Amino acid sequence: MRKKELALEVIRRLKEEYPDADCTLDYDEAWKLLVSVRLAAQCTDARVNVVVEDLYAKFPDVNALADAPVEEIEEIVRPCGLGKSKARDISACMKILRDEYNGKVPDDFDKLLKLPGVGRKSANLIMGDVFGKPAIVTDTHCIRLCNRIGLVDKMKDPKKVEMALWKIIPPEEGNSFCHRLVNHGREVCTARTKPYCDKCCLQDICKKVDVIAKLDELQTRALKEPELKERLKNTKKEKEPLSAFCRVCQELGYEIYEMDIICAGEEFHAAMKRSTNGGGENSPMLAGEDDFYELFMANLK
């Protein structure tokens, strides 16, 4: 199945699974979504929805927020993390809306990008949700799931993923598709636990559904075959160990790539814990791709 065909089938199935998917940030005016999107960086949407209630109670419109001392904004938004930088961006952004756009949010992508604290992800969200224009929001769920499903190959950069998706996703479907990926990523294809592949509506067309099984099989095989074990361990001597490891996997017939391991995230951690008899609460937590690789190597000793 070609990527465009795969994309259309994924869109169709997710639409059936999550017919009412929508933005999980609460807002009733465009400028409020702009504020919430900035606060949502490294913070849950649920927490943002609570915090903005206090913010808007004190500063109910663009003018009030533009005139507000940055310190007072920071005090309110601190629970969202990165309070100082977020408060500074919100203040500067509201001032620009007041002074240059008569208190309105511009419906132009390039103009949105010029606002403080607004990147491509935020600008796309505004364009799609507020103005109903074609948009692709490449948040962490979108990037992770599109790699796992096979809509993009070994891509981590948000802009590159966005550009790749524009080629295969119908413009009128992009915004809703990304919202549905968020729902699917939270409910089924999870990052912090092993994904629920058994109840996934994409199970039979997902490219990466068996990555963990492959890694488990490879490790079991290596523990029984000294030469294979040594070959895998020798990848640590390479300039780029993880790349070398994946190259050996591919030579052995396992289609495992760096992005597979990165996307597997905590699922890979869970697999490694199983192979070490449960691991327990003191098992090392994994933060990045090198950790997955290092833990795999440690289990070969």
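Since this is a predicted model, take the numbers as computed values, not measurements.

A word on the packing of helix α3 (residues 45-58) against helix α5 (residues 70-77). At their nearest, the axes of α3 and α5 sit 9 Å apart, and the two run at 150° to each other. Between α3 and α5, the angle is such that the two are roughly antiparallel. Counted together, V51, D54, L55 and K58 of α3 and E72, I73, I76 and V77 of α5 form the full contact between these two elements. By residue class, the composition of the contact of α3 with α5 is five nonpolar, no polar and three charged.

So, on to the pattern of salt bridges. Inspection of the entire model under this criterion finds 20 salt bridges. Residues R12 and E9 are paired through a salt bridge, measuring 2.6 Å at the closest nitrogen-oxygen approach. Of this pair, R12 and E9 both sit in helix α1 (residues 3-17), three residues apart, which is roughly one turn of that helix. Here the residues in one salt-bridge network are E9, R12, R13, E16 and D204, joined through shared partners.

Take the layout of surface pockets next. One number sums up the size of the largest pocket: a volume of about 780 Å³. What lines the largest pocket is a set of 29 residues, among which A40, C43, D45, K121 and D139 lie closest to the centre. Looking at the lining of the largest pocket, the elements that each hand over two or more residues are α2 (30-39), α8 (120-129), α9 (140-149) and α11 (174-187). Considering every element that reaches the lining of the largest pocket, the biggest residue donor is α11, with four residues. Considered class by class, the residues forming the lining of the largest pocket number 13 nonpolar, ten polar and six charged.

What follows is about empty space enclosed by the protein. Taken as a whole and judged by the stated rule, the model has two cavities of 30 Å³ or more. Size it by volume and the largest cavity reaches roughly 90 Å³. Together, twelve residues line the largest cavity, and R148, H184, C189, C200 and C206 are the ones closest to its centre. For the lining of the largest cavity, the class distribution of residues is ten nonpolar, one polar and one charged. L34, V35, R38, D89, I90, C93, M94, P116, G117 and V118 are the residues that line the second largest cavity. Breaking the lining of the second largest cavity down by element, the ones donating at least two residues are α2 and α6 (83-100). If you tally residues by element for the lining of the second largest cavity, the top one is α6, at four residues. Of the residues belonging to the lining of the second largest cavity, the class tally is seven nonpolar, one polar and two charged.

The subject of this paragraph is the packing of aromatic side chains. Throughout the structure, instances matching the rule amount to one aromatic pair. With a centroid separation of 5.2 Å and 70° between ring planes, the pair formed by W31 and Y56 is classed as edge-to-face. Of this pair, W31 sits in helix α2 while Y56 sits in helix α3, placing them 25 residues apart in sequence. Neither W31 nor Y56 differs from the other in exposure class; each is buried. Its end group placed over the ring of Y56, K32 keeps NZ or CZ at 5.0 Å from the ring centre. Sitting over the ring of Y196, K199 keeps its end group 4.8 Å from the ring centre.

With 14 residues, α3 ought to run about 20 Å at 1.5 Å a step, and its terminal C-alpha atoms sit 20 Å apart, in line with that. Of the positions making up α3, those classed as buried are D45, V48, N49, V51, V52, L55 and Y56.

Within the secondary structure layout, T138 lies in the loop between α8 and α9. Within the structure, T138 has its side chain in polar contact with the backbone oxygen of P158 (distance 3.2 Å). In this view, T138 contacts K121, I143, P158, V161 and E162; residues no more than four positions away in its chain are not counted.

It is worth spelling out unusual backbone geometry at this point. In this model, Q42 sits at a positive phi of 60°, which is unusual for a non-glycine residue. Tracing the backbone through its elements, the reader meets Q42 in the loop between α2 and α3. By relative accessible area, Q42 is classed as exposed at 74%. Despite not being glycine, N102 shows a phi value in the positive range, around 55°.

What follows deals with α9. Of all ten residues in α9, nine are buried, a share of seventy percent or more. Turning to α9, its buried residues number three or more, namely H141, C142, I143, R144, L145, C146, N147, R148 and I149. At the N-terminal boundary of α9, the capping side chain belongs to D139, with an oxygen 3.3 Å from the backbone nitrogen of H141. The positive-phi residue at the C-terminal boundary of α9 is G150, with phi of around 110°.

Each value, and the rule that gives it
Going along each chain's sequence as written, the residues are numbered from 1 onward. For this predicted model, a pLDDT threshold of at least 70 governs which residues receive local features, and a threshold of 80 or more governs which side-chain atom pairs are given and counted, while totals over whole chains, interfaces and linings are taken from all residues. Neither water nor hydrogens contribute to the side-chain values; these are computed over all heavy atoms in the structure. Under this scheme, a helix contributes an axis fitted over its contacting stretch, all axes are lines through C-alpha atoms, and angles between N-to-C directions fall in the 0 to 180 degree range. Every helix listed is a DSSP run of H or I at least four residues long, and every strand listed is a run of E at least two residues long, numbered separately from the N terminus. Here the word oblique covers every angle except those under 35 degrees (roughly parallel), over 145 (roughly antiparallel) and from 65 to 115 (roughly perpendicular). The contact definition used throughout considers only heavy atoms, calling two residues in contact when any of these lie within 4.5 Å. Classification used: nonpolar for Ala, Val, Leu, Ile, Met, Phe, Trp, Tyr, Cys and Pro, charged for Asp, Glu, Lys and Arg, polar for all others including Gly. Each salt bridge in this description consists of a side-chain nitrogen of Lys or Arg and a carboxyl oxygen of Asp or Glu lying within 4 Å of one another. Using protein atoms alone on a 1 Å grid, points that fit a 1.4 Å probe yet trap it form a cavity, whereas open point sets bounded by protein on both sides within 12 Å along at least five of seven lines form a pocket; residues with an atom within 4 Å of a point count as lining. Grid points are joined across faces, edges and corners, and a volume is the space filled by probe spheres set on the points. Any two rings among Phe, Tyr and Trp, with Trp reduced to its six-membered ring, count as a pair given centres within 6.5 Å; such a pair is stacked if its planes are under 30 degrees apart, edge-to-face if over 60, and tilted if neither. Exposed residues in this analysis have more than 50% of their type's maximum accessible area, buried residues have under 20%, and partly exposed residues fall in between, with area computed by a 1.4 Å probe over protein chains only. Sitting over a ring, as applied to charges here, requires NZ of Lys or CZ of Arg to be within 6 Å of the ring centre and within 35 degrees of the ring normal. Helix span is expected to be 1.5 Å times the residue number reduced by one. Nitrogen and oxygen atoms within 3.5 Å of one another constitute a polar contact, given that in protein one can donate a hydrogen and the other can accept it, and given that sequence-neighbouring residues count only through two side-chain atoms.

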